[in-house]
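Below, each chain spelled out in residue letters.
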Amino acid sequence: MAELDVQVVAQDHAVWSGAARSITGRTIEGDMGILPGHTPVLSLLAEGELTIEPVDGQTVRAHVNGGFFSVDSDKVTIVANDAELREES
């Protein structure tokens, strides 16, 4: 099964990296979902929740604010002005 290679970083720290099945996040143009094989895209991030479905493990959620979202050849790079992982309850 195809997977995404994901890197999520904030200005001053790494937030999360690994293999994922899917990612959803909010851009300035609206919510975007990414699956393996997605068309290349570059978009500006809006404030909101980023949800990552890892290949192994539980769903990862982070609050992000500003930055950009890049997808190319199943490689996803998210560079946020500010990003913090959310604790699962």
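The written sequence of each chain sets the order in which its residues are numbered from 1. Restriction of local features to residues with pLDDT of at least 70 applies here, the model being predicted, together with a cutoff of 80 or more for giving and counting side-chain atom pairs; totals for whole chains, interfaces and linings are based on all residues. Water and hydrogen atoms were dropped before computing side-chain values, which therefore reflect all heavy atoms in the structure.

Per an unreviewed UniProt entry, the chain carries the name ATP synthase epsilon chain and comes from Candidatus Nesterenkonia stercoripullorum. We quote the UniProt Sequence similarities (unreviewed entry) comment for the chain here in full: "Belongs to the ATPase epsilon chain family." UniProt positions are given in the numbering used here, feature names are shortened, and annotations may be inferred rather than shown by experiment. Taken verbatim from the UniProt record of the chain, the Subcellular location (unreviewed entry) comment is "Cell membrane".

With that out of the way, let us pick up the UniProt feature "domain: ATP synthase F1 complex delta/epsilon subunit N-terminal" (unreviewed entry) in the chain. As recorded in UniProt, the feature "domain: ATP synthase F1 complex delta/epsilon subunit N-terminal" (unreviewed entry) lies at residues 4–83. Comment: elements are numbered from the N terminus, with helices defined as DSSP H or I runs of at least four residues and strands as E runs of at least two. Along residues 4–83, the helical share is 0% and the strand share 74%, with 20 Å between the first and last C-alpha atoms.

Further remarks concern a nonpolar patch on the surface. A cluster of nonpolar side chains, contributed by Ile28, Leu42, Leu44 and Phe68, occupies part of the molecular surface with about 420 Å² of accessible area. Within the secondary structure, Ile28 sits in the loop between strand S2 (14–27) and strand S3 (30–34). The patch calculation keeps residues exceeding 30% relative accessible area without a salt bridge and links them within 9 Å when they carry like charges or within 5 Å when they are nonpolar (Val, Leu, Ile, Met, Phe, Trp, Tyr). Each accessible area is a Shrake-Rupley result for a 1.4 Å probe, and residues are judged covered by the shown protein chains and nothing else. Definition used for salt bridges: Asp or Glu carboxyl oxygen within 4 Å of a side-chain nitrogen of Lys or Arg.

A word on a negative patch on the surface. A cluster of acidic side chains, namely Asp12, Glu47, Asp82 and Glu84, defines a negative patch on the protein surface. Structurally, Asp12 is set in the loop between strand S1 (4–10) and S2. For the purpose of charge, His is not counted, nor are the chain termini; Lys and Arg are scored as positive and Asp and Glu as negative. Throughout, a charge is located at the NZ atom of Lys, the CZ atom of Arg, the CG atom of Asp or the CD atom of Glu.

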